[in-house]
Structures are given as structure tokens and as C-alpha cells.
Amino acid sequence: MIRFERVSKHYPGGSRALTDVSFHIEPGSMVFLTGHSGAGKSTLLRLVMMLERASRGQVIVNQRNLGTTPDRLAPLVRQGTGMIFQDHKLLNNKTVADNVALPMMIAGLKYADIRKRARAALDKVGLLDKENAWPLTLSGGEQQRVGIARAIVSMPPLLLADEPTGNLDPGLSRELFRLFEEVSEKGVTVLIASHDLDLVRQMRKRVLVLSNGRLADDIPAA
Amino acid sequence: MVSISHLRRKNRAWLRRHSYSFFSSLGVLLQHKTGTLMTVLVLGIAMFLPLGLYVTLANLDGMNLHQDEWSAVTVFFKTGTRQAEVDRVAGLLEQNAQADKVTIISPAEGLADFRDASGFGGSLDMLEENPLPWVMQVSPPPGSTERVEERVAELTAYLNTIKSIEVTQFDYKWLQRLGRMLELGETLVSFLILLFGIAVVVVVANTIRLDVASHADEIEILALVGAGNAFIRQPFLYTGLWYGLMGGLLAIILLYTALAVLSGPLGLLLETYGTVFVLRGIGGTNMLWLLLCGAGLGWLGAGISVHRYLRLLRVGGQLGRH
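Residues numbered from 1 in each chain as written. Chains lettered and ligands numbered in written order. Predicted model: local features only at pLDDT ≥ 70, side-chain atom pairs only at ≥ 80, totals over all residues. Heavy atoms only, no water.

## Quick look at the overall build of chain A
Threshold: Strands here mean DSSP runs of E at least two residues long; helices mean DSSP runs of H or I at least four residues long; both are numbered from the N terminus. Here the radius of gyration uses the C-alpha set of atoms, whereas the globule reference equals 2.2 Å times the residue count to the power 0.38. Partly exposed describes any residue whose relative accessible area lies between the buried limit of under 20% and the exposed limit of over 50%, with all areas from a 1.4 Å probe on protein chains only and scaled to the type maximum. Residue contacts follow a heavy-atom distance rule, with two residues in contact if any of their heavy atoms lie within 4.5 Å. Exposure was quantified through the Shrake-Rupley algorithm and a 1.4 Å probe, taking into account, for residues, occlusion by the shown protein chains and nothing else.
From N to C terminus, chain A includes seven helices and 10 strands. Against the compact-globule benchmark of 17 Å for 222 residues, chain A has a radius of gyration of 17 Å, which places it among compact chains. Each principal axis of the C-alpha distribution contributes one length, and for chain A these read about 45 × 40 × 35 Å. When burial is assessed residue by residue, chain A has 53% of its 222 residues classed as buried. Expressed as a percentage of contacts within chain A between residues at least 6 apart in sequence, the contacts between residues at least 24 apart total 67%. On chain A, roughly 9800 Å² of surface is accessible, and the fraction owed to carbon and sulfur atoms is 49%.

Okay, here's the thing in C-alpha cells:
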């Protein structure tokens, strides 16, 4: 699903974010990405989402070589990827249901279908009773679950999460990771960047460890 | 192979996205009444100024100042010409396509007019006989302002072939001046349309620029979840379109209000010239054009602002950075 072949990324000004990184993530697997802050986790995710282009090497996502994909197709790449952010990135002037509906509005689906699928996604994350609530009235954990509902609503084959448990207590974090596990069991590839090493270890999944922009370790699933 | 049903589905999705932006942008504008009203007011006045001048000129042109008695050629017959000859010439002219309206003024009528107008009544009584000749006023056929000189020239040439006519007189200068003034006015209108058209684009562009800036977070989120430039741009473009449409509508309302207010005093003024005149508006087609142009300019202004912003969202840009 995701293949990196000797990928390097340096930003203008010379700072190196990634150096010679290679790995392959099988479809339907759940993988963690760890490393201290500044190790290159965010840059790696940005490359997969086509927010950034690799300076060297090849990034292949869902059989598409992002290096040769023109800019104008970047939205299409992102539509095929559910993304979950540390700060949720919800629209605070829209209800929970409308936030979840966003990817489907972009795809131009029928209103009736949008409504139905938004409710189904909210049901999956256990927030169906909050569909008409405003995001700011929800707790941090609830907002993150709205973000997950939005990411899975159009059933993308790939789910990315950048520090999804950043602001949550351990109990909630574990709950959230279980939710990701459920999603991955349905055949969705899940890649989660997290610095919460204890929790990552408990999940017994494959872990990619980045250090100073290099792939320092690749721990297989237990 | 791309199937027809696939294309149809794509078209339907496109239509849904557009109808969504179309109505939601209107909804947002109506929500922010004060801001919208102020922008629309500026746009409406900007559009009203050239429109008002255009209508003024169209009305001046429509008054047919250059026709009828204004553009008539005055014909003086030789002294001693009999009425029978004058009537014969009048008959000839009435059958001639180069002449439209013929008015005969007998020496007696001429004298009476002169007596009234000049105040020389007493001295005129001392004359033993009427010194005035037969006079005739002949108008060329109606037509456009530009060609009137040509038509008058043709008419004069014809009149000069008639032996009993002493001299023909026509006030070219006055007509020329009117024609040139109308031309000048038209150039001014074109210039103003250009100038205020730019003003409309700039006003909308600036309003939308602020609008885009205040929605920066929202735009970022849209782009992150896979919205293309078109989807992000649409609501702003439609907002610009609505601004232009509302501005145009306001300009039309202002125009008709002005016409209603002015028609009273103007009627009184024209009455002193013995003219009955009805002020004309701009008509349905022109109204439609105005609204279309307004909408187009609004769209353009919004497009300029959004385009500048969207460059920040390109791959390798600022998108998604904290």
C-alpha cells in the first residue's frame, strides 16, 4: 500500500528531514511510526499525503508513484487517504455531522447518501447522539473521534494519523488505538505516527522507528 | 473505456457541488447583512454613475433635437413670388423623399411673428407694404444623428435647383456642436464604464480577499481532506457573482428612482420649449446586460483574490504546517 524506496527529503536551506528511507507497508496492515520529535515522522506523512515531494527516491502510495503525479491530482490522492490530525482540524462553525460529511461533499455525493453515511460513520465511533452538536462543545477525545469518523466516512483504503493521542489521557488513547485496530481489521491500511512508546508497544503491531531522518529500526508485529 | 454512466455521474457530482456553493454563498451573504449591504451599496453606486450618464445621453439623443423644427432648412423665396408658386414647390417637396415636413410661413404670418417677438410693432406700422418674402421650413427625413448633415446637404442641393428660391439657410454649426457633444459624451461613457468596471472588480477583489483571509483555517482543512482548488474557489466565486448581481440590481433601482424624481421638474422645463417628452429607462435587454456584466466582474474580482491565495496551497507549500 505504501512503498518508500531510498527516499530523501531536504528542505530549502539545507535541513535534512529524511535520508535514504526505504520500507513497504502491506495492504490491510496496521503500522506505527515512532521517533523523537524532529525525527521526520511528520515529513514522512506529508510525503504520503502529497503535501510535499521527495527530493530523491520514490514514494508509491496505492500503486501510484507520487513523484510522477502532477500537482493537480494531489486532491485526488488526498481523497483516497483518510487523515487524522493531532489538533483534530474540525470546522467549528459546522455541526459534527456536517464535518463528517465534508469529504463526501467534496466528492459530490447525493445529499441523502451523505446524511446516511455520515450517521453510519458517527455510529462507528460511538458519537451518533452528537451529530447535531458543535465541535467546541465536545471533549478532546470526542473531537478526535469526529476526526476519525470524517477520515473513514468515504471508506478510503488508507488511514494516516499524526499524533492522534497527543492531547489525550492514557485510557482514552488506548480506546482510540482499539478503534484504529477495528478499522484496520476491515482491510484498511493504517499508519499512525506516535511518540507514546508504551502504548505502541502494548498494541503489538509493526513499528517503524525514525531517528534523525533515518529508519533506525523496523520492529515486526508480535 | 470511460462509460457514459460514469460521465453522467461526474456531471451530476459537478452540478451538486456548484448548486451547493451557489446557494450556501447567498446564505452566508444574507447572514452578514451589514457588511453585504455596504459592499453592495458601493458597487451599486459605482455602476450607477456610468449607467446614469449613458441614460442621460440616450434621452438627449432620443429628444430628436436635430430633427423637426431644429434641423429644418429655412427657404426664402424671391420677393414677388406668388402663393401659387410657393404651393407648387410645397407640393413638389411633399412628393420628394429628401424632404419630410414642409411648413409654409406667409409674409403676413412672418410679419405678425416679428411684431410679437421684436417689439418693433409701432415702427412696422409705418411700412407701406410687407417687405418679407414667402418662407418655408423643410425638414430632412428622420434618421440617425450622424447622418443628418449629409441628409441636409442633399436636401439643400435639391432646393437650390428651384428657380423661385432666393436662398436657403441652415444652422450647421449648432447641429455640428450637438453632434460632437453627443460623441464626446459617448466617449466619456465608455471611459467611465471602463473605470467603474475596474472599480467593481477591485472592490469585490478586496472584499473577497478579506473573506478568504478570515476563512484561512477552513480552507486549510478543506484542502487537507482532499478538496481541489475548484471546490475551494467556488463559494468565493459565487459570493463575487452575488455581489455583482446585487450591485447591478441596486444600480437599476437607483436609476429608476432618479428617473422618477427627475421626470417632474424636467417635464416642467421642457414644457417651456413646447416639447412633450417621456424619459426613457434602459429597457429589458440592457438591464440583463448590466446584471450579466456586474455578475461577471464580481466573479472576476473574486477569482483574482482567490487565485493569489490558492498558490499557498500547492504541493510543497504551507498547507498543513503548524
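Moving on from the coordinates now.
## Let's talk about helix α9 (residues 229-271) of chain B
Condition: Helix span is expected to be 1.5 Å times the residue number reduced by one. Fitting axes to the seven residues that end at a residue and to the seven that start at it, the angle between those axes gives the bend at that residue.
Helix length check: α9(B) (43 residues) gives 61 Å between terminal C-alpha atoms against 63 Å at 1.5 Å per residue, within 8%. The largest bend along α9(B) reaches roughly 40° and is located at Ser263(B), with the proline Pro265(B) sitting one to four residues downstream.

## Points about empty space enclosed by the protein
Threshold: Cavities and pockets are defined on a 1 Å grid built over the protein atoms alone: a cavity is a set of grid points where a 1.4 Å probe fits but cannot escape, while a pocket is an open set with protein on both sides within 12 Å along at least five of seven lines, and lining residues are those with an atom within 4 Å of any such point. Grid points are joined across faces, edges and corners, and a volume is the space filled by probe spheres set on the points.
One pass over the full model with this rule turns up one cavity of 30 Å³ or more. Reported here for the largest cavity is a volume of approximately 50 Å³. As for the largest cavity, its lining consists of Met105(A), Gly108(A), Leu109(A), Tyr111(A), Ile114(A), Arg16(B), Arg17(B), Tyr20(B) and Phe231(B). Those elements that place two or more of their residues in the lining of the largest cavity are α4 (111-124) of chain A together with α1 (4-31) of chain B. The biggest single contributor to the lining of the largest cavity is α1(B), with three residues.

## Re the packing of aromatic side chains
Residue and element names in this part refer to chain A. Heads up, the condition is: Only rings of Phe, Tyr and Trp enter the pairing, Trp through its six-membered ring, and a pair is recorded when the two centres are within 6.5 Å. The plane angle decides the type: under 30 degrees is stacked, over 60 is edge-to-face, the rest tilted.
Under the defined criterion, the tally for this structure stands at six aromatic pairs over all chains. Relative to Phe 23, the ring of Phe 4 lies with its centre 4.7 Å away and its plane at 15°, an arrangement referred to as stacked. Highlighted residues: Phe 4 in strand β1 (residues 2-10) and Phe 23 in strand β2 (residues 16-25), separated in sequence by 19 residues. Assigned by exposure class, Phe 4 and Phe 23 land together as buried.

## Overview of the sheet that holds β2(A)
All names here are of chain A. Basically, it comes down to this: Two strands pair under a simple rule: DSSP has to find at least two bridges between them. The angle between two axes is taken between their N-to-C directions and runs from 0 to 180 degrees, where each axis is a line fitted to C-alpha atoms and a helix contributes only its stretch in contact.
If you walk across this open sheet you meet the four strands as β2-β1-β4-β5, and the pairing is antiparallel. At either end of the open sheet lies a strand with only one pairing partner, and these are β2 and β5 (64-65). By the bridge criterion, two bridges tie strand β4 (residues 56-61) to β5 in an arrangement that is antiparallel. Following the sheet pairing, Ile 60 is matched in β5 by Asn 65. Sitting on the sheet, helix α1 (residues 41-48) touches β1, β2 and β4, and the angle it makes with β1 is about 120°.

## Observations regarding a nonpolar patch on the surface
Residues and elements named next belong to chain B. The line we're drawing: Patch definition: residues above 30% relative accessible area lacking any salt bridge, with like charges linked at up to 9 Å and the nonpolar side chains Val, Leu, Ile, Met, Phe, Trp and Tyr linked at up to 5 Å. Salt bridge criterion: a side-chain nitrogen from Lys or Arg within 4 Å of a carboxyl oxygen from Asp or Glu.
Residues Leu 41, Ile 45, Leu 49 and Leu 254 make up a contiguous nonpolar surface patch of about 320 Å² in total accessible area. In terms of residue count, helix α2 (residues 33-62) provides more of the nonpolar patch than any other element does, three residues in total. Looking at the element boundaries, Leu 41 is found in helix α2. The partly exposed category is assigned to Leu 41, whose relative accessible area is 46%.

## Observations regarding α1(B)
Counted at 1.5 Å a residue, the expected span for α1(B) with its 28 residues is 40 Å, and the 40 Å between its end C-alpha atoms agrees. Listed in full, the buried residues belonging to α1(B) are Ala13(B), Arg16(B), His18(B), Ser21(B), Ser25(B), Leu26(B) and Leu29(B). Of the surrounding elements, those touching the buried residues of α1(B) are α3 (96-107) and α4 of chain A together with α2 and α9 of chain B.

## Side note on the layout of surface pockets
As a reminder of what qualifies: Residue polarity follows a fixed list, in which Ala, Val, Leu, Ile, Met, Phe, Trp, Tyr, Cys and Pro are nonpolar, Asp, Glu, Lys and Arg are charged, and the others, Gly among them, are polar.
Looking at the largest pocket, its volume works out to about 1100 Å³. Taken together, 45 residues line the largest pocket, and the ones lying closest to its centre are Ala74(A), Pro75(A), Leu76(A), Gln79(A) and Gly228(B). Of all the secondary structure elements, the ones that give two or more residues to the lining of the largest pocket are α2 (74-79), β6 (81-84), α3 and α5 (140-152) of chain A together with α1, α8 (216-224), α9 and α10 (283-310) of chain B. Class assignment of the residues belonging to the lining of the largest pocket gives a composition of 26 nonpolar, 10 polar and nine charged. Lining the second largest pocket are 32 residues, and of these Lys94(A), Tyr20(B), Ser24(B), Val28(B) and Glu218(B) lie nearest its centre. Counting only elements with at least two residues in the lining of the second largest pocket, the list comes to α3 and α4 of chain A together with α1, α8 and α9 of chain B. Residues that form the lining of the second largest pocket fall into these classes: 17 nonpolar, eight polar and seven charged.

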